[in-house]
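Next come the chains, spelled out residue by residue.
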Amino acid sequence: MTRLANPKRWLRPVALTALLTLTACATVEDTNTLAPVHLTPEDSVALPSFFIGKSFVKQQLLNVTYGENTGSVLTVLEGEGSTLKLSVLSTLGIRLLDALYSDGTLQVTRYLDIDRLPPVEQVLFDILLTLTSKEELSAVLPQGCSVQDTAAERVLLDEKGTPVERVTFRREGSERVATAIEHLLFNYRITLEDLP
């Protein structure tokens with residue numbers, strides 16, 4: 001029987017090659033596609049236009065409950081001007097997707113399937129719900145829908161005044177920082193924890 005002198009010498013390159021092959025095969029890029037974001041099963045909205053005066057980079061842990069699925073992902077969110085970039089990683093640091101939204105165009109690169117998150121357009125809308133002004137949001141809402149703002153929360157209401165989506169905030173100096181996003185019709189909740 002032949003014995004390999006040092007299996008570690010060949011095992012590491014083989015494992016790396018297999019991982020790269022798996023990732024390469026799973027990579028899918030959608031350019032200039034923008035699926036509608038559903039506010040309710042009947043009403044869809046566009047992602048709002050926005051302008052970020054002070055550029056930022058945020059690293060967050062998102063704990064997601066989506067139907068029967070629960071899980072956590074790491075995100076890196078970068079915003080500047082009218083551009084927002086979102087990178088989603090597993091808690092082990094494996095890159096799952098990149099999304100770039102700029103001037104009405106969305107480019108998404110998926111590296112691995114994510115079944116524990118709502119669609120990426122929906123997640124971007126949720127993020128913009130925490131960042132944009134009431135006026136920017138109101139410009140894309142269907143007629144009759146409205147935004148209700150207080151220091152502690154922001155609520156999207158349908159034409160009957162029924163809450164559809166809620167963002168909870170905490171105070172950090174003069175700013176309010178989102179801690180949770182809940183879609184009351186689509187049965188998902190995302191809690192956000194800032195990372196250093």
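Thresholds, definitions, all that
- Residues numbered from 1 in each chain as written.
- Predicted model: local features only at pLDDT ≥ 70, side-chain atom pairs only at ≥ 80, totals over all residues.
- Heavy atoms only, no water.
- Salt bridge = Lys/Arg side-chain N within 4 Å of Asp/Glu carboxyl O.
- Helix = DSSP H or I, 4+ residues; strand = E, 2+ residues; numbered from the N terminus.
- Buried < 20%, exposed > 50% of the residue type's maximum accessible area, 1.4 Å probe, protein only.
- Core = buried A, V, L, I, M, F, W, Y, C linked by side-chain atoms within 4.5 Å.
- Contact = heavy atoms within 4.5 Å.
- Polar contact = N/O pair within 3.5 Å; in protein donor to acceptor, adjacent residues only side chain to side chain.
- Pairing = 2+ DSSP bridges.

Trainee: How would you summarise the pattern of salt bridges if you had to cite specific residues and measurements?
Mentor: Counted according to the given criterion, the structure contains seven salt bridges. Measuring nitrogen to oxygen at the nearest pair gives 3.4 Å for the salt bridge that ties Glu153 to Arg166. Taken together, the residues Glu153 in strand β10 (residues 153–157) and Arg166 in strand β11 (residues 163–172) connect sequence positions 13 residues apart. For Glu153, a relative accessible area of 28% corresponds to the partly exposed category. Arg166 gets classed as partly exposed once you look at its relative accessible area, which sits at 24%. Ionic pairing is found between Glu172 and Arg170, a salt bridge with its closest N-O pair at 2.7 Å. A relative accessible area of 44% means that Glu172 is categorised as partly exposed. The exposure class of Arg170 is partly exposed, given its relative accessible area of 35%. Through salt bridges that share partners, Asp149, Arg154 and Arg176 make up one connected network.

Trainee: Can you tell me about the nonpolar core, naming the residues and giving the values?
Mentor: One recurring pattern in soluble globular proteins is that nonpolar side chains are buried together. Within the largest apolar cluster, 42 residues are counted, with the highest numbers of intra-cluster contacts made by Leu39, Leu84, Leu86, Val88, Ala99, Leu124 and Phe125. Ranked by the residues each element gives to this core, the list is headed by helix α2 (residues 120–131), at seven residues. Sequence-distant contacts of Val88, defined by excluding residues within four places in its chain, comprise Val73, Leu74, Thr75, Ile94, Arg95, Leu96, Leu97, Ile114 and Leu117.

Trainee: Please give an account of the side chain of Gln60 that cites residues and values.
Mentor: Along the polypeptide, Gln60 turns up in strand β4 (residues 52–66). Assessed through its relative accessible area of 6%, Gln60 is described here as buried. Separated by 2.8 Å, the side chains of Gln60 and Asp194 make a polar contact. The residues contacting Gln60, other than those within four sequence positions of it, are Val73, Leu74, Thr75, Leu192, Glu193, Asp194 and Leu195.

Trainee: Account for the environment of Leu128, with residues named and values stated.
Mentor: With respect to the element layout, Leu128 can be found in helix α2. With 80 residues separating them in the primary sequence, Leu128 and Pro48 have C-alpha atoms 7.5 Å apart. Look past the residues within four positions of Leu128 in its chain and what remains in contact with it is Leu47, Pro48, Phe50, Leu84 and Tyr101.

Trainee: Run through the pairing of strand β12 (residues 175–183), naming residues and quoting values.
Mentor: Bridge analysis of β11 against β12 gives eight bridges, and the strand direction is antiparallel. Each residue of the ladder has a partner; that of Val167, found in β12, is Ile181. Between β11 and β12, which pair antiparallel in sequence order, lie two residues; one of them, Gly173, sits at a positive phi of approximately 65°.

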